[in-house]
Amino acid sequence: MNRSTVSLCMIVKNEALFIEKCLQSAKDQVDEIIIVDTGSTDETIAIAEQYGARVYHYQWENDFALGRNFSLEQASCQYILVLDADEYLDEGSHIQEILQSQKKGYSIRVRNQLEDGLVKTTSILRIFQSNPAIRFTGQIHEQILLDSSEIEETGFLIHHVGYRKDVYSLKNKAERNIRILLDAVDKSPSPFSYYNVGKQYLVDGEDELALEFLDKARNDLNNQNNADVLAMEIDYNLADCYYRLEKPEKGIQVLNHTISNWPKYTDLYFMQARLFEQMGYWKDAEQYYKKCISLGDMDSAVAREGVGGYLAHFLLSRLYENQGNIQEALEHSFHALNLKQGFSYSLENYLSLAQKAGVSAEVQKECLSFSYPVKTVDNLTTLVGLLYKFRHPLLHETITEYGFHNDITVTACGLQYSKRYEEARSVWHEVNIIHKNNLEDVMLLSLLTNDEEMVKKISTVQNLTDQDEETINSIIKRESISHERFNSFIGKILLKLCERCIRLDEFDCFEYMSGLIRSCELDIQYQLALILDQSGFRDVAFDLMVSVFENYERSTAIDQFVGRRCLERGYREDAKQIFLQLVNTSPSYDVYLSLYEVLLLEEDQSQVTALLKEMKQRFPLSVWMQSL
């Protein structure tokens, strides 16, 4: 194999927290390291020199292209690799393997870590021949311009953490970037420069300003009848902006046009699904998330990781959960966890749904061993934290198996929710002050063990009012309690206790708690019905809601709950009357869908036709309704 020499060229300022990982990833793949420093006051230069770097001091001129080009002028090798300090090479990427073709330039896939589990991958020219004719242009988001025939696409991968909020704010990029970008717009206004400003404002959370510049970019580009990747990215970010501003209808209208030009671009369907979900159009959101899964992630120059895989499954899971469809939600949650084993949101979602669905601890353990193998301390910390959050029966086994030493309350909860009540009680007695987060744990154990000493622990909980403390003590002692003593705080405690009693199969205790909830406010009773419904006790939940439906002032949520369950049980006429009334009082997307489902079972097609016409007029943006 013929070997080409490579210079790593970087411009930096105060990158001590990041530069070592970058240089460590590249040191064995390059022949020299060129560092152009623009005024560091931390340990950046010292760290770079430890890796044998040649350091040059440069007066910053608010122009990234000038700084980059100065670094290129110092290089002495055949090829140049350009990195930022908050980037590092993937372990599987090897420069010499791609240089065999001797192209002028090589496109590298840069994997940008964003927030909320999103990852955006872009293809950028980062390796190129050292040649005075090859230079950067652009004050910011600088580029090397080569003909596409001179560039080879590679599977080479760079990881970039700089867009994560913690890193971004730490490095204080926002003010610097927007200043340079606005200067570039003043000097040379164009759709691309407007887009860069708008996107920067979006990153900075300045959504109204982002909207202003993205609109300018879109209008200018439309005047040019341009339908390239820039046009698609402008529309995607414009739709994202409307999503953040909670104006989903406008975002949907933008993407309807864009999707017609890019019918196989998964990212657009993903954003459209999120917009539909924000509007409450869950059937449309479901349809678009499924479209994302069928298309899969895009292998393109600009694509967001997971939108055709784990993220689509994850959000579809949450969508089904919100509709009360726990089994479908669990299935998609499991898919998401399998596709992205380190995605903590999927792990949390799976653990929550598995408990609601009554999946045994043994089955959950088997699934976790396959889908979330504990390979690092961070993996273990995340897993234990979530098991503790859900008071999971696997908590004690996990902390014992891995020798995980944590707060004594975690140990106590691990024992308690493994139904080792006596051992748990001994550990709780070692805790001098009970945190408010553990109030329900101590209350439940007191109820289950009739331990008067545990009751005394309640007095150590901080910030309890005297009345709430008195009510809690009365609950533990199972005393009669007047209706006036129940408030929202006490109601929420009772709900948590009911949920945990169900998980522990402690139904005597549950009966007492659920009886108290019948004296609480209407919303607390409704929440109990949802817990029962999602835990598989649908008949009990239905009976509770029918009682509320018949005897108390009702809400739209309760009416919909009873209407849906009537339909499921074959009480078609009751369901029809409920939804006909709701169409007049609360004409939402959900209500119309439910009435449509009821009328489909009727033999009078004219009613269905009339309702469909009304639905299409009321919800013109709903693709699902317009297709009926």
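A quick note: this is a predicted structure, and the numbers were derived from the prediction, not measured.

Caption draft 1: Representation of the overall build of the protein chain in the model. Scanning the protein chain for helices and strands turns up 32 helices and eleven strands. The principal-axis extent of the C-alpha atoms belonging to the protein chain is close to 85 × 70 × 45 Å. Intrachain contacts of the protein chain at a sequence separation of at least 6 include 61% that bridge at least 24 residues. For the protein chain, the computed accessible surface area is about 28,900 Å², with 47% contributed by carbon and sulfur atoms.

Caption draft 2: View of the packing of aromatic side chains. Counted under the stated rule, the structure contains 26 aromatic pairs. The interplanar angle of 75° and the centroid separation of 5.6 Å between the aromatic rings of Tyr 592 and Phe 619 together place this pair among those described as edge-to-face. Note that Tyr 592 is positioned in helix α30 (residues 589-600) and Phe 619 in the loop between α31 (605-618) and α32 (623-626), a separation of 27 residues in sequence. A single burial state applies to Tyr 592 and to Phe 619, both of which are buried. For the ring pair Tyr 596 and Trp 624, a centre distance of 6.4 Å and an interplane angle of 90° mean the geometry is edge-to-face.

Caption draft 3: Structural context of helix α26 (residues 522-534). Under the 1.5 Å per step criterion, the end-to-end length of α26 is 19 Å for 13 residues, consistent within 8% with the ideal 18 Å. Within α26 the residues assigned to the buried category are Ile 524, Gln 525, Tyr 526, Leu 528, Ala 529, Ile 531, Leu 532, Asp 533 and Gln 534. Of the residues trailing α26, Gly 536 is marked for its positive phi of about 95°.

Caption draft 4: Here's a closer look at a nonpolar patch on the surface. Residues Phe 507, Phe 537 and Val 540 make up a contiguous nonpolar surface patch of roughly 230 Å² in combined accessible area. You can see Val 540 is positioned in helix α27 (residues 538-551).

Caption draft 5: Examining the environment of Arg 176 more closely. Structurally, Arg 176 can be placed in helix α6 (residues 173-187). What makes Arg 176 partly exposed here is its relative accessible area of 28%. Here the alpha-carbon distance between Arg 176 and Gln 253, two residues 77 residues apart in the chain, equals 34 Å.

Caption draft 6: Examining the pattern of salt bridges more closely. For the coordinates displayed, the defined rule picks out 34 salt bridges. A salt bridge links Arg 68 to Glu 142; its shortest N-O distance comes to 2.9 Å. Placement of Arg 68 in helix α3 (residues 64-73) and of Glu 142 in the loop between β8 (136-137) and β9 (143-144) is noted, with a sequence separation of 74 residues between them. Each of the two residues, Arg 68 as well as Glu 142, counts as buried.

Caption draft 7: Region of interest: the pairing of strand β3 (residues 54-57). Judged from the four bridges that link them, strand β2 (residues 32-37) and β3 form a sheet pairing that is parallel. From the neighbouring strand, Ile 35 faces β3, where its bridge partner is Val 55. On the question of chirality, the crossover connecting β2 to the parallel β3 by way of helix α2 (residues 44-50) is right-handed.

Caption draft 8: Up close: the pairing of strand β10 (residues 151-160). Taken together, the three bridges between strand β5 (residues 87-89) and β10 define a ladder with antiparallel strand orientation. Across the sheet, residue Leu 89 finds its bridge partner in β10, namely Ile 158.

Caption draft 9: Quick peek at the side chain of Ser 4. For Ser 4, the location among the structural elements is in the segment before β1 (6-12). Side chain to side chain, Ser 4 and Gln 102 meet in a polar contact 3.2 Å long. Contact partners of Ser 4, with chain neighbours within four places excluded, come to Asp 31, Gln 78, Tyr 79, Gln 96, Leu 99 and Gln 102.

Caption draft 10: Highlighting the side chain of Gln 74. Examined against the element boundaries, Gln 74 turns out to sit in the loop between α3 and β4 (79-82). A residue is classified by how much of its surface remains accessible, and Gln 74, at 18% relative accessible area, is buried. Apart from residues lying up to four places away in sequence, Gln 74 is in contact with Glu 32, Ile 34, Arg 54 and Tyr 56.

Caption draft 11: Representation of the packing of helix α28 (residues 556-568) against α30. Relative orientation of the contacting elements α28 and α30 amounts to 20°, with a least axis distance of 11 Å. When the axis of α28 is compared with that of α30, the two are roughly parallel. Remark: the crossing between α28 and α30 carries left-handed chirality. Residues Gln 560, Arg 564 and Leu 567 of α28 pack against Asp 590, Val 591, Ser 594, Glu 597 and Val 598 of α30. Tallied by class, the residues present in the contact of α28 with α30 amount to three nonpolar, two polar and three charged.

Caption draft 12: Representation of the packing of α26 against α28 within the structure. Two elements in contact, α26 and α28, have axes separated by 11 Å at closest approach and are oriented at 30°. Overall, the two elements α26 and α28 adopt an arrangement that is roughly parallel. Between α26 and α28 lies a crossing whose hand is left-handed. Residues Leu 522, Tyr 526, Ala 529, Leu 530 and Asp 533 of α26 pack against Ala 557, Ile 558, Phe 561 and Arg 565 of α28. Taken together, the residues of the contact of α26 with α28 break down into seven nonpolar, no polar and two charged.

Caption draft 13: Spatial organisation of the environment of Glu 479. Secondary-structure assignment places Glu 479 in the loop between α23 (466-476) and α24 (488-504). In this structure Glu 479 comes out as partly exposed when scored by relative accessible area, which is 38%. With 102 residues separating them in the primary sequence, Glu 479 and Gln 581 have C-alpha atoms 42 Å apart. If we skip the residues at most four places from it in the chain, Glu 479 touches Ser 474 and Tyr 512.

Cut-off values and rules
Residues numbered from 1 in each chain as written. Predicted model: local features only at pLDDT ≥ 70, side-chain atom pairs only at ≥ 80, totals over all residues. Heavy atoms only, no water. Helix = DSSP H or I, 4+ residues; strand = E, 2+ residues; numbered from the N terminus. Contact = heavy atoms within 4.5 Å. Areas by Shrake-Rupley, 256 points an atom, 1.4 Å probe, with all protein chains shown as cover. Phe/Tyr/Trp six-rings, centres within 6.5 Å; stacked < 30°, edge-to-face > 60°. Buried < 20%, exposed > 50% of the residue type's maximum accessible area, 1.4 Å probe, protein only. Expected span 1.5 Å × (residues − 1). Patch = residues over 30% accessible without salt bridge, like charges linked within 9 Å, V, L, I, M, F, W, Y side chains within 5 Å. Salt bridge = Lys/Arg side-chain N within 4 Å of Asp/Glu carboxyl O. Pairing = 2+ DSSP bridges. Right-handed = clockwise from strand over helix to strand, strands pointing away. Polar contact = N/O pair within 3.5 Å; in protein donor to acceptor, adjacent residues only side chain to side chain. Axes fitted to C-alpha atoms, helices over the stretch in contact; angles between N-to-C directions. Parallel < 35°, antiparallel > 145°, perpendicular 65-115°, else oblique. Left-handed = near helix turned anticlockwise from the far one by under 90°. Nonpolar A, V, L, I, M, F, W, Y, C, P; charged D, E, K, R; others polar.

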